[in-house]
Structures are given as C-alpha cells and as structure tokens.
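Per-entry structural report
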Amino acid sequence: MPDLLVALALTALGIALFVGSREIPFGINAVVGPRVFPLIVSVGLTALGVLLTVNVLRGERAEPAAEEDTDLDAPVNLAAPGIILGGFVLGAAVLTTAGFVIGTAIMYFSVAWAFGERRVGLMTGVALAVALVTYVAFTRGLGLSLPPGVLKGIL
C-alpha cells in the first residue's frame, strides 16, 4: 500500500504541476520562456508516477538494497522533512517582501540544517551565495523578473 500511495502522489503532483504551469504566461522576446522548465518537470514527474503505479499494480515492491543499512522496524523520523518543509514555507512566505535571494537562501539554509550541518556562518554564506547566483542567472541570463525585495537597488 505505501508504494502505491507514493506512486499515485507523484502522478497527482505531476498533473497538478502541469495544470499550474499552463497558467504561466509565455514570455515575449524570450527564447526559453518561464513556462518551459515547469512543463518539462511536470511531464517527467507524471511519467515517472504512471510508470511507478504500473509497476506497483504488477506486484513489484520497493525493497531496500542489500548494501543499505536499514531497520524496517525503526520508528520514522520526520524531523528532517519537517525542517525542510518549514524552510520552504517560510521562504515562500517572505519571497515577495524580502525578495528572491533572501527567500531562497532560507530554503537552502533549512535543507543544510536538516542534513545535519551546524556551522551557521558557513551555511548562511553558502545559501546567500547560491541564491544570489541563481537570481543573477535567472534575471540576467534568462531575462526573467524575480522580486528583489529588500535588495532592490543593490541587485
């Protein structure tokens, strides 16, 4: 049952992403518009979900690899996914006011924290640097408009 739920959730997520990405206006004067990458991801995610669903219905199950050190009876630790989800929600909430760089840096920071990194200064610097490079690549490289937020005038 868990395998089927994961497969169906991936399929539903892919379909929802496809429907949502169809609402993105195609950019004028853009070689690759803002709709292209979400469409590629949504089609791939939907195809993966359908393939997994078919495999589960045929009786295949996800089994841990022999080299994996897993204890199937161990309780599930939801702390790391919760931290990542919390960082994503917080980053998305401040995206329009604080800006893309700050919102995305919060998301990167939460992922590093969830994976066990505790050097706060290093994580902050790397998260801001990666978010800034991403911002510059998308705004200057692809010509997309992302919210600068508190960094307006600096970027």
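Residues numbered from 1 in each chain as written. Predicted model: local features only at pLDDT ≥ 70, side-chain atom pairs only at ≥ 80, totals over all residues. Heavy atoms only, no water.

Digging into the overall build of the protein chain
Per the secondary structure count, the protein chain includes five helices and zero strands. Taken from N to C terminus, the helices and strands of the protein chain fall in the order α-α-α-α-α. Scaling as 2.2 N^0.38, a compact globule of 155 residues should have a C-alpha radius of gyration of about 15 Å, whereas the protein chain reaches 19 Å, well beyond that. The proportion of buried residues among the 155 residues of the protein chain is 20%. Taken as a whole, the protein chain presents about 10600 Å² of accessible surface, with 71% of it coming from carbon and sulfur. Between the averaged position of the 8 positive side-chain charges in the protein chain and that of its 10 negative side-chain charges there is a distance of 21 Å. (Helix = DSSP H or I, 4+ residues; strand = E, 2+ residues; numbered from the N terminus. Rg over C-alpha atoms; globule rule 2.2 N^0.38 Å. Buried < 20%, exposed > 50% of the residue type's maximum accessible area, 1.4 Å probe, protein only. Areas by Shrake-Rupley, 256 points an atom, 1.4 Å probe, with all protein chains shown as cover. Lys, Arg positive; Asp, Glu negative; His and termini not counted. Charge placed at Lys NZ, Arg CZ, Asp CG, Glu CD.)

Re the nonpolar core
Within the largest apolar cluster, seven residues are counted, these being Phe100, Val101, Ala105, Ala127, Ala131, Tyr135 and Leu146. Elements with a minimum of two residues in this core: helix H4 (100-114) and helix H5 (120-141). Other than its neighbours up to four places away in sequence, Phe100 contacts Leu95, Ala131, Thr134, Tyr135, Leu146 and Pro147. (Core = buried A, V, L, I, M, F, W, Y, C linked by side-chain atoms within 4.5 Å. Contact = heavy atoms within 4.5 Å.)

Quick look at a nonpolar patch on the surface
Taken together, Val32, Phe37, Ile40, Phe138 and Leu142 make up a surface patch of nonpolar side chains, about 420 Å² in accessible area. With respect to the element layout, Val32 can be found in the loop between helix H1 (2-21) and helix H2 (36-57). By relative accessible area, Val32 is classed as partly exposed at 32%. (Patch = residues over 30% accessible without salt bridge, like charges linked within 9 Å, V, L, I, M, F, W, Y side chains within 5 Å. Salt bridge = Lys/Arg side-chain N within 4 Å of Asp/Glu carboxyl O.)

Considerations on helix H3 (residues 79-98)
For H3, which comprises 20 residues, the first-to-last C-alpha distance of 26 Å matches the rise-based estimate of 28 Å (1.5 Å per residue) to within 8%. At Ala92, H3 shows its maximal bend, which comes to roughly 25°. Where H3 is concerned, the buried positions are Gly87, Gly91 and Ala98. Where H3 is buried, its residues meet H4. Residue Gly99 follows H3 closely and has a positive phi angle near 110°. (Expected span 1.5 Å × (residues − 1). Bend = angle between axes of the 7 residues up to and from the residue.)

Here we look at the pattern of salt bridges
According to the stated counting rule, one finds one salt bridge in the structure shown. A salt bridge links Arg119 to Glu117, with the nearest nitrogen and oxygen atoms 2.7 Å apart. For Glu117, a relative accessible area of 23% translates into the label partly exposed.

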